[in-house]
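Residues per chain are reported as follows:
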Protein chains: 2
Amino acid sequence: MNANPTLIVGSLAFDDLEMPSGTFDNVVGGAATYSSIAASLLCPVRLVGVVGKDFPGEVLDSLRARGVDTAGVERAEGRTFRWHGRYSADLSSRTTLDTQLNVFADFRPKIPTAFSTSPFVLLGNIHPALQLEVLAQIERPQLVIADTMNFWIAGEPKLLGEVLKKIDLLVINDEEARDLSGIHNLVKAAADIRRRGPKHLIIKRGEHGALFFDDAGVFFAPGYPLEDVVDPTGAGDSFAGGLIGYIARAKNLAHPTMRRAIYFGSALGSFCVEGIGPRRLLEVTRADLQKRMDAFMALVETGGPVELPE
Amino acid sequence: MNANPTLIVGSLAFDDLEMPSGTFDNVVGGAATYSSIAASLLCPVRLVGVVGKDFPGEVLDSLRARGVDTAGVERAEGRTFRWHGRYSADLSSRTTLDTQLNVFADFRPKIPTAFSTSPFVLLGNIHPALQLEVLAQIERPQLVIADTMNFWIAGEPKLLGEVLKKIDLLVINDEEARDLSGIHNLVKAAADIRRRGPKHLIIKRGEHGALFFDDAGVFFAPGYPLEDVVDPTGAGDSFAGGLIGYIARAKNLAHPTMRRAIYFGSALGSFCVEGIGPRRLLEVTRADLQKRMDAFMALVETGGPVELPE
């Protein structure tokens, strides 16, 4: 595949999901898993994370079959990170019932030498100290994308501030943007966050789409409207994977590339939510993705600049 | 102005607004007021409604100066309809503290003969029986747009059902679409609502934009992201006014016209929220509108169909 390799660092997990449609235990999950599956449709992926002795070798085999280099996935003594959550009847919110860090508690990312020159890097939502450790182990990439969450925004503001200075694109949701900046209005919040380091910022709004901010201004892409949403788990991580995968494939960071990358991320997020866990995402082919992108572009097509009819 | 006239029927009111920025009493409001101000930037407007003895003649003068024919605005004995509301600190929700129907309680729309052949009609959110009375008094227009609300959806389902059979485009928000259809998923809810009558449906999602459904499929337009939102009152009515005003000016109902009309509606809604009451909307010129539309189109420009780079 004629695309640059992308380094993805983050969690691999088991999820126990209580959905309106039923209960699903031991679903393979984790942010880095979803991001890797999505990105691997677009570029070679180098995955760094940790699993326990209980993680099925077949899952790693299936990732390798998709072009994911799992040389950075450490298998540690103990059990894999596990998340137990319950979704509301309309899937619009979820409650964490239990989090077992297990082997993830002592995770220190070790970047294989062969991965240290990866031109594109996605830092999943892990402790900012670990995000910094990853960056210390690699040569300056063309693009570093990072995710974070309220837990680190509130608990590790200093370290997170260091991370912000070293990344190119931060991908967070609207609530996180408001917490990080202390500003409710998202346009103002974005300006504040960009002053702290990242030249580019994406604020995700779930099914409502995503806002992109850079020096050229603001860009907005909607969510793809689906008839059947089955499981939102991993949608944001699939978005991030699709985003960086498209950029790695396009091999440039021009503003139009970023706009299209956001649509590819949204398209992959929309596939993700169509099945329990990563089930649907794993089935998607490049042809499926192109077809959804065509439908997506038709959905938003305006016909270009609009002038008032006289 | 080379545009078809639009008949707008609905409320004229006084609003007492408790905003995070302060308290504003006796603000001129009402759905038909906002819709008329917005539409009058794009087409001649014929307004039908009722005010009390306390409604300032200068307000009607200023509407007339904008090309609004107020021959259908009845001045009845008593006081004008009044709404008293309080907005949350982030303006995302509001509570009704008091509603005084006053002269609106006995309102029966009387369409002046000169208005009865209006090619475009906007039925504001009034009792469905009154919406039907309006339609009974006019020749079949090219396009009838109607608004409604949860109060009528729950309380007058039969009459509302009759209205739905006689209109071309229903404009409601997501909560109303869910209540009307009894279906949470908006794509499915839209299909259900369109089966009840209106060939075209717009589901508004406030700052998150609007979805448009017709036989050609789905279209999505975002809200225009603003740095300073002052007062959301009237934004939806300004949207509806801009929507029908653009269609009346374009003089066709083709799908691309509808897409552009939705952007014009959103642009006018975005001006509306920049000031208390209709203050900002009243200042806006056609040149301001064109400028915002240019910025809006730049915000969503994708560059057309996107193909995967090889």
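Predicted, not measured: the structure shown is a model, and the values here were computed from it. (Residues numbered from 1 in each chain as written. Chains lettered and ligands numbered in written order. Predicted model: local features only at pLDDT ≥ 70, side-chain atom pairs only at ≥ 80, totals over all residues. Heavy atoms only, no water.)

Peer 1: Any chance you could break down the overall build of chain A for me, citing the residues and the numbers?
Peer 2: Each helix and strand counted, chain A has 11 helices and 13 strands in total. Whereas a compact globule of 310 residues would reach a radius of gyration of roughly 19 Å, chain A reaches 18 Å, a difference of no more than 12%. C-alpha atoms of chain A, sized along the principal axes, occupy 75 × 40 × 40 Å. Each of the 310 residues in chain A was classed as buried or not, and the buried ones make up 59%. Counted over contacts in chain A with a minimum sequence separation of 6, partners at least 24 positions apart contribute 63%. (Helix = DSSP H or I, 4+ residues; strand = E, 2+ residues; numbered from the N terminus. Rg over C-alpha atoms; globule rule 2.2 N^0.38 Å. Buried < 20%, exposed > 50% of the residue type's maximum accessible area, 1.4 Å probe, protein only. Contact = heavy atoms within 4.5 Å.)

Peer 1: Please provide a residue-by-residue account of the layout of surface pockets, values included.
Peer 2: Left-over empty space is what a probe sized like a water molecule reveals as it rolls over the atoms. Empty space within the second largest pocket amounts to approximately 210 Å³. What lines the second largest pocket is a set of 13 residues, and nearest its centre among them are Gly 217 and Val 218 of chain A together with Tyr 224, Ala 295 and Leu 299 of chain B. Among the elements of the structure, strand 13 (217-221) and helix 9 (255-272) of chain A together with helix 11 (286-300) of chain B are those that each provide at least two residues to the lining of the second largest pocket. Here the element with the most residues in the lining of the second largest pocket is helix 11 of chain B; it accounts for 3 residues. (1 Å grid on protein atoms, 1.4 Å probe; cavity = no way out; pocket = protein on both sides within 12 Å on 5 of 7 lines; lining within 4 Å. Points joined across faces, edges and corners; volume = space filled by probe spheres on them.)

Peer 1: Any details on the environment of Leu 211 of chain B? Residues and values, ideally.
Peer 2: Mapping Leu 211 of chain B onto the fold places it in strand 12 (residues 210-214). The spatial distance from the C-alpha of Leu 211 of chain B to the C-alpha of Asp 174 of chain B is 9.4 Å, given a sequence separation of 37 residues. In this view, Leu 211 of chain B contacts Pro 225 of chain A together with Leu 186, Leu 201, Ile 202, Ile 203, Arg 205, Val 218, Phe 219 and Phe 220 of chain B; residues no more than four positions away in its chain are not counted.

Peer 1: How would you explain helix 1 (residues 31-39) of chain A if you had to name every residue and give the values?
Peer 2: Across the 9 residues that make up helix 1 of chain A, a large majority, 9, are buried. Those residues of helix 1 of chain A that fall on the buried side of the exposure criterion are Ala 31, Ala 32, Thr 33, Tyr 34, Ser 35, Ser 36, Ile 37, Ala 38 and Ala 39 of chain A.

Peer 1: Explain empty space enclosed by the protein to me, and be specific about the residues and the numbers.
Peer 2: In this structure the tally under the stated criterion is 3 cavities of 30 Å³ or more. Taken as a whole, the largest cavity encloses approximately 90 Å³ of empty space. Ser 35, Leu 122, Asp 147, Asp 237 and Ala 240 of chain B are the residues nearest the centre of the largest cavity, which is lined by 15 residues in total. Among the residues making up the lining of the largest cavity, the classes are represented as 9 nonpolar, 3 polar and 3 charged. Put simply, the second largest cavity is a space of about 50 Å³. Residue lining of the second largest cavity: Ile 8, Val 9, Ala 31, Ala 32, Ser 35, Leu 122, Gly 124, Asp 147, Asp 237 and Ala 240 of chain A, and that is the complete set. (Nonpolar A, V, L, I, M, F, W, Y, C, P; charged D, E, K, R; others polar.)

Peer 1: Mind laying out the sheet that holds strand 2 (residues 13-19) of chain B, listing which residues take part and the relevant values?
Peer 2: Residue and element names in this part refer to chain B. Read from one edge to the other, the open sheet built from 4 strands follows the order 3-2-6-7, with strand pairing classed as mixed. Since the sheet does not close on itself, it has two edges, and those belong to strand 3 (22-29) and strand 7 (94-100), each with one partner. Within this sheet the neighbouring strands show an average axis-to-axis angle of 15°, counted without direction. Inspection of the sheet shows strand 2 paired to strand 3 by 6 bridges, in the antiparallel sense. By the bridge assignment, Met 19 is partnered in strand 3 with Gly 22. (Pairing = 2+ DSSP bridges. Axes fitted to C-alpha atoms, helices over the stretch in contact; angles between N-to-C directions.)

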